[in-house]
Amino acid sequence: MSSTDLPPVPPAGDALPRVAPVHVDGERVRSAALGGVTLTVRSRPAGKGVEPALFLHGLGGSSQNWSALMPLLDDVLDCEAVDLPGFGDSPPPDDGDYSITGHTRAVVRYLETSGRGPVHLFGNSMGGAVATKVAALRPGLVRSLTLVSPALPELRVQRGAVPTGLLAVPGVALLFTRLTREWTPEQRVRGVLGLTYGDPGRVTEEGLAAAVAEMERRQRLPYFWDAMARSARGIVDAYTLAGRHRLWRHAERVTAPTLLVYGGRDRLVSFRMARRAARAFRDSRLLALPEAGHVAMMECPDTVARAFREFLRDTLPADAARPAGGSARERRPGDADDVLAATETES
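Residues numbered from 1 in each chain as written. Predicted model: local features only at pLDDT ≥ 70, side-chain atom pairs only at ≥ 80, totals over all residues. Heavy atoms only, no water.

Draft legend 1. Just helix α6 (residues 205-219), in detail. In a regular helix each residue adds 1.5 Å, so 15 residues correspond to 21 Å; α6 covers 21 Å between its end C-alpha atoms and thus fits that length. Buried within α6 are the following residues: Leu-208, Val-212, Glu-214, Met-215, Arg-217 and Arg-218. In the core, the buried residues of α6 are packed alongside α5 (185-196) and α7 (224-240). (Helix = DSSP H or I, 4+ residues; strand = E, 2+ residues; numbered from the N terminus. Expected span 1.5 Å × (residues − 1). Buried < 20%, exposed > 50% of the residue type's maximum accessible area, 1.4 Å probe, protein only. Contact = heavy atoms within 4.5 Å.)

Draft legend 2. Representation of the pattern of salt bridges within the structure. Under the counting rule described, the total for this entry stands at 19 salt bridges. Put simply, Asp-78 and Arg-116 hold a salt bridge, and the shortest N to O gap is 3.4 Å. Of this pair, Asp-78 sits in strand β4 (residues 77-83) while Arg-116 sits in the loop between α1 (100-114) and β5 (119-124); the two residues are 38 residues apart in sequence, bridging distant segments of the chain. Given the relative accessible area of 25%, Asp-78 is considered partly exposed. In this structure, Asp-314 engages Arg-313 in a salt bridge whose closest nitrogen and oxygen atoms are separated by 3.0 Å. We classify Arg-313 as exposed; its relative accessible area is 57%. Residues joined by salt bridges that share partners form a network here, namely Arg-30, Asp-78, Glu-80 and Arg-116. (Salt bridge = Lys/Arg side-chain N within 4 Å of Asp/Glu carboxyl O.)

Draft legend 3. A look at the sheet that holds strand β2 (residues 38-43). In space, the eight strands of this open sheet follow the order β1-β2-β4-β3-β5-β6-β7-β8, with mixed pairing throughout. Of all the strands in the sheet, the pair left with one neighbour each is β1 (28-33) and β8 (284-289). Sheet twist, expressed as the average angle between the axes of neighbouring strands with direction ignored, equals 20°. Bridging between β5 and strand β6 (residues 142-148) involves six bridges; their strand directions are parallel. Following the sheet pairing, Val-119 is matched in β6 by Val-142. This element, α1, spans β1, β2, β3 (51-56), β4 and β5 of the sheet and lies at about 160° to β3. On top of the sheet, helix α11 (residues 301-315) reaches β4, β5, β6, β7 (258-263) and β8; it is set at about 160° to β8, its chief contact. (Pairing = 2+ DSSP bridges. Axes fitted to C-alpha atoms, helices over the stretch in contact; angles between N-to-C directions.)

Draft legend 4. Spotlight on the side chain of Arg-116. Overall, the relative accessible area of 13% leaves Arg-116 in the buried class. Side-chain polar atoms of Arg-116 contact the backbone oxygen of Asp-78, separated by 3.0 Å. In this structure the side chain of Arg-116 is engaged in a polar contact, spanning 3.2 Å, whose partner is the side chain of Glu-80. Ignoring any residue separated from it by four or fewer positions in sequence, one finds Arg-116 in contact with Pro-52, Ala-53, Asp-78, Glu-80, Tyr-110 and Leu-111. (Polar contact = N/O pair within 3.5 Å; in protein donor to acceptor, adjacent residues only side chain to side chain.)

Draft legend 5. Structural context of unusual backbone geometry. Residue Pro-118 is bonded to the preceding Gly-117 through a cis peptide linkage, with omega at 0°. Relative to the elements of secondary structure, Pro-118 occurs in the loop between α1 and β5. A positive phi angle, close to 55°, is found at Ser-125, a residue other than glycine. On the secondary structure map, Ser-125 appears in the loop between β5 and α2 (126-137). On the basis of relative accessibility, which here comes to 12%, the residue Ser-125 falls in the buried class. Even without being a glycine, Ser-149 presents a positive backbone phi close to 45°. Locating Ser-149 in the fold gives a position in the loop between β6 and α3 (162-167).

Draft legend 6. Expanded view of helix α9 (residues 273-280). Residues Met-273, Ala-274, Ala-277 and Ala-280 constitute the buried set of α9. Axial view of α9: buried residues confined to an arc of 125°, hence all on one face. Facing away from the buried surface of α9 by more than 90 degrees, the exposed residues are Arg-275 and Arg-279. Tucked into the core, α9 has its buried residues touching α8 (247-253), β7 and β8. (Arc of directions from axis to C-beta.)

Draft legend 7. Here's a closer look at the environment of Leu-69. By the element assignment, Leu-69 lies in the loop between β3 and β4. Note: C-alpha distance between Leu-69 and Thr-303 (234 residues apart in sequence) is 9.6 Å. Other than its neighbours up to four places away in sequence, Leu-69 contacts Phe-55, Phe-122, Met-297, Pro-301, Val-304 and Ala-305.

Structure below.
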């Protein structure tokens, strides 16, 4: 293997290391095998009559990124968070496809198979780009959309996002692992917190210890850097698409009511993109958090939960009818040749 190659994806039949799923008090963890991809699903018990919600994490994250927010909403939502393919406790996809489209296909397949749609769909960063694409291409699956610092294309990329872009360059992931071989898991975690939190001091000692333990666990997985590098490349590729496949074009097509959450201290997604997003999503409400960073749902979950409750109350009253034709198999005219069309028969 040359220095410019990414590590190979383990063949579908190869045995991967068995690592016990991380459990958080009050949560259940299970696996959903969808044919070619297996997703780990984290959920909380919910009251009767509440509507389903699905949460999508960002690059390098996992379903645990929503563990602070979900208990604050479990009286109004039936909450599930997934580990996207290759992240958290989900194994790599059989086809090695970590593109935004690949992650989107996995989410659509899960929603179709589970029959939970339409859902209140949440997404952060890369998960925000995936959620946007799901809502645009499969409106019948989405009741509302909540995006926390979504990874939508910027002309002037934030300085903090440059390493992520470089990670997409062939060979950089391998070089980075060599250069940082002596870094301890705690050093890595503190670096991530400094990049993603507006104020890393908000993280408790207990939270830091849990994050370090999770980092140690992930680094033992042979596909850790492969998933990171290929997903980073998927984000960069999505930023360069033109025409009807552009992420901003998808944003303009979203019909679901949308709550946008942007942090003023975000080092990865520019705060100035909040206004553009508010214009692009036709039925949107903007929550601006000047002191928050890239993961507001982790840094200030109470504020995000309160904003969603107000959004739910004002935009989607409890007795409102679900979207017309809200079947999990509804498709918008004109999408027949879209790459996601394959999911219509695969589930």
